[in-house]
Amino acid sequence: MSKANQTIKTVLKEPTLESIVDYIKEKNVKKVIVMSGAGISTAAGIPDFRSKDTGLYHNLQKFDLPYAEAVFDIDYFMEKPEPFYALAKEIYPGQFLPTKTHYFIRLLQEKGMLLRNFTQNIDTLERLTGLDQDYIIEAHGSFASASCTECKEKADSDMVRDHALRGKVPKCESCDGFIKPDITFFGENLPKRFYDNLSDFDDADLLIVLGTSLQVQPFASLIDEVPKSVPRLLINKEMVGVQKSKGSGFDFKSKKGVHKDVYFSGTCDEGVTKLAELLGWDKELNKMYEKGTEKLKSQYVKEETEIEPGQQKEDKEVDQLADVLDKLTAEDSSTPKTT
Ligand code: CNA
């Protein structure tokens, strides 16, 4: 039966976080799908795409692009990869720490309640919380690996990282083609792993959508893939994904007194903190966040080490970041790759 025609059997008492928590407890919720976007990482210092004044699209003038999205367009990259690498330098993993929201997702796993985290993010912050890789679907790929755009050969990660952190374009040793991190650009297919796990949505008993404008397809339409009886919670600074036609998009107005979709207006960290309080998990979440942050910080090089004569400050920072990333990758070497 098409999801648009299903009857809604389960409803919330009110369109509030409190009712979501009642639902979680009463229904013994165990299969939560979290869909996340760039808004969960802005508190870590990584700009999103579309936020007014602070988003990457607002700050791309310096890259002299024909249009903002060109920086992530595969045809444009094949002609001119420099703007992408100038941007990659600013958002490359190894410079940022997971937020409380990332740890909330990890806590869902600890509680045995997480079915999957479908993320659009390419920053790999989910991995850094210790969230099991099996639970993560990096729908738009990530910076974790890279390939040649011509011969498709996998590239050496250290070499790509060194180039990216210097804003330089890495080239393939075999064919001299441009190398690109395995992140999905506009005009490219999503990873197989994304499609292989879409059936999760049929099994979900709660959908939590965090920090996304729901502008990028096919990801955005996934909110309609859970059964009609399943409540959906959006935590975002702005209301997004609102119903345009019957059976597609959120219905926060609770027509006919049927409350199924809940909108929390605020930051993701505020939303998950409130949710954790209502669930009685706040102490656990804070502890997990503080311990995780402390551990990662101690791995990141904190002190400005002395710069040897003749060595550029930038080179020194790149070497420091490379050291940190090596340590993190070594710890994480048992986890499989997503794509
Ligand atoms: P987007 O289109 O920039 O939307 C972000 C949404 O989050 C907007 O609705 C914001 O209002 C909202 N938002 C921003 N900060 C917060 C906050 N602290 N709390 C709550 N809401 C907030 O980004 P999407 O993820 O929707 O777009 C998908 C693109 C973005 C994917 O292809 C990603 O690869 C790409 N992207 C990823 C990153 C990253 O990995 N961190 C950074 C920038 C862009």
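As the structure is a prediction and not an experimental result, all values here were calculated from the model. (Residues numbered from 1 in each chain as written. Predicted model: local features only at pLDDT ≥ 70, side-chain atom pairs only at ≥ 80, totals over all residues. Heavy atoms only, no water.)

K.L.:
Would you mind going over the sheet that holds strand β2 (residues 114-119) with me for this structure?
P.N.:
Strand pairing in a sheet takes place through backbone hydrogen bonds and is either antiparallel or parallel in direction. The parallel open sheet is built from six strands, whose spatial order is β3-β2-β1-β6-β7-β8. The sheet terminates laterally at β3 (136-138) and β8 (261-265), the two strands that pair on one side only. For this sheet the average axis-to-axis angle between neighbouring strands, irrespective of direction, equals 15°. (Pairing = 2+ DSSP bridges. Helix = DSSP H or I, 4+ residues; strand = E, 2+ residues; numbered from the N terminus. Axes fitted to C-alpha atoms, helices over the stretch in contact; angles between N-to-C directions.)

K.L.:
Even after reading the chapter, I still don't get the pattern of salt bridges, so can you show me in this structure?
P.N.:
Between side chains of opposite charge, pairing is possible as soon as their charged atoms come close. Within the structure shown, the criterion is met by 15 salt bridges. One salt bridge in this structure joins Asp 176 and Lys 171, with 3.9 Å as the shortest N-O distance. Residue classification places Lys 171 among the partly exposed residues on the basis of a relative accessible area of 39%. Among the salt bridges present, the one from Asp 261 reaches Arg 232, with a minimum N-O distance of 2.8 Å. Of this pair, Asp 261 sits in strand β8 while Arg 232 sits in strand β7 (residues 232-236), placing them 29 residues apart in sequence. (Salt bridge = Lys/Arg side-chain N within 4 Å of Asp/Glu carboxyl O. Buried < 20%, exposed > 50% of the residue type's maximum accessible area, 1.4 Å probe, protein only.)

K.L.:
Before we go on, may I ask you to explain unusual backbone geometry in this structure?
P.N.:
Trans is the common state for peptide bonds, and a negative phi is the common state for residues other than glycine. The omega angle of the peptide bond from Gln 217 to Pro 218 is 5°, so this bond is cis rather than trans. With respect to the secondary-structure elements, Pro 218 resides in the loop between β6 (206-210) and β7. Even without glycine at this site, Asp 53 takes up a positive phi of about 75°. By the element assignment, Asp 53 lies in the loop between β1 (32-36) and α2 (74-79). Take Asp 53: its relative accessible area is 48%, and that puts it in the partly exposed class. A positive phi is found at Thr 124, a non-glycine position, where the angle reads about 60°.

K.L.:
Can you walk me through the UniProt feature "active site" (unreviewed entry) in the protein in this structure?
P.N.:
Sites flagged by UniProt as "active site" (unreviewed entry) map to His 140. On the accessibility criterion, His 140 (11% relative accessible area) is buried. Setting aside its immediate chain neighbours within four residues, His 140 contacts Thr 119, Gln 120, Ile 122, Asp 182, Ile 183, Thr 184, Leu 190, Val 216 and Phe 219. (UniProt positions renumbered as here; feature names shortened; annotations may be inferred. Contact = heavy atoms within 4.5 Å.)

K.L.:
Please clarify how the site of the ligand should be interpreted in this entry.
P.N.:
For the ligand, the set of nearby residues contains 28 residues, the closest of which are Phe 49, Arg 50, Thr 212, Ser 213 and Glu 238. One of the side-chain nitrogen or oxygen atoms of Ser 213 is found 2.6 Å away from an oxygen atom of the ligand. Taking Glu 238, its side chain carries an N or O atom lying 2.5 Å from an oxygen atom of the ligand. Within the shell around the ligand, the residues separate by chemical class into nine nonpolar, 14 polar and five charged. A domain-level breakdown of the shell around the ligand finds at least three residues from each of domain 1 (8-46 + 102-140 + 202-308) and domain 2 (50-95 + 142-183). (Near = heavy atom within 4 Å. Polar contact = N/O pair within 3.5 Å; in protein donor to acceptor, adjacent residues only side chain to side chain. Nonpolar A, V, L, I, M, F, W, Y, C, P; charged D, E, K, R; others polar. Domains from an automatic or database assignment.)

K.L.:
Honestly, the environment of Gly 55 in this entry has me stumped. Any pointers?
P.N.:
Note that Gly 55 resides in the loop between β1 and α2. For Gly 55, a relative accessible area of 0% corresponds to the buried category. Once the C-alpha coordinates of Gly 55 and Ala 38 are considered, the two residues, 17 residues apart in sequence, prove to be 9.8 Å apart. Apart from the residues within four sequence positions on either side, Gly 55 is in contact with Asp 48 and Phe 49.

K.L.:
When you look at the packing of helix α1 (residues 17-26) against helix α9 (residues 268-279) in this model, what are you seeing that I'm missing?
P.N.:
The description of two helices packed together rests on the angle between their axes and the distance between the axes. As a packed pair, α1 and α9 sit with axes 10 Å apart at the nearest point and diverge in direction by 50°. The angle between α1 and α9 falls in the class oblique. Note that α1 runs across α9; the crossing there is right-handed. Contact residues: α1 offers Leu 17, Glu 18, Ile 20, Val 21, Ile 24 and Lys 25, while α9 offers Gly 271, Lys 274, Leu 275, Leu 278 and Leu 279. Of the residues that constitute the contact of α1 with α9, the class distribution is seven nonpolar, one polar and three charged. (Parallel < 35°, antiparallel > 145°, perpendicular 65-115°, else oblique. Left-handed = near helix turned anticlockwise from the far one by under 90°.)

K.L.:
Can you walk me through the packing of helix α4 (residues 100-110) against α9 in this structure?
P.N.:
Contact geometry of α4 with α9 gives a least axis separation of 8 Å together with a crossing angle of 40°. Put simply, α4 runs oblique to α9. Crossing of α4 over α9 shows left-handed handedness. The segment α4 lies against α9, with Lys 100, Thr 101 and Phe 104 engaging Cys 268, Asp 269, Val 272, Thr 273, Leu 275 and Ala 276.

K.L.:
Can you help me understand the confidence of the model for the protein in this one?
P.N.:
Do not read the fine detail of predicted coordinates wherever pLDDT is low. Per-residue confidence for the protein gives a mean pLDDT of 87, with 85% of residues at or over 70. The low-confidence segment residues 324-339, where pLDDT is below 50, has 28 contacts with residues more than four positions distant or belonging to other chains. (pLDDT = per-residue confidence, 0-100.)

K.L.:
Help me understand the nonpolar core, please; the structure alone is not making it clear to me.
P.N.:
Burial of nonpolar side chains together is a common tendency in soluble globular proteins. Among the nonpolar cores identified, the biggest contains 37 residues, and Phe 104, Ile 208, Leu 210 and Leu 275 are the most heavily contacted of them. For this core, the secondary structure elements donating two or more residues are α1, β1, α4, β6, β7, β8, α9 and α10 (282-299). In contact with Ile 208, other than residues within four places in its own chain, are Val 32, Ile 33, Val 34, Met 35, Phe 104, Leu 233 and Leu 275. Core analysis: the second largest hydrophobic core is formed by 34 residues, Tyr 76, Leu 87, Met 159 and Val 160 among them. (Core = buried A, V, L, I, M, F, W, Y, C linked by side-chain atoms within 4.5 Å.)

K.L.:
For this particular structure, what's the right way to read the side chain of Arg 116?
P.N.:
Along the chain, the position of Arg 116 falls in strand β2. Here Arg 116 falls in the buried class, since its relative accessible area comes to 15%. Side-chain polar atoms of Arg 116 contact the backbone oxygen of Asp 134, separated by 2.8 Å. For Arg 116, the side chain forms a polar contact with the side chain of Asn 197, separated by 3.1 Å. If near-sequence neighbours (up to four positions away) are discounted, Arg 116 is found in contact with Val 32, Ile 33, Val 34, Asp 134, Tyr 135, Ile 137, Asn 197 and Asp 200.

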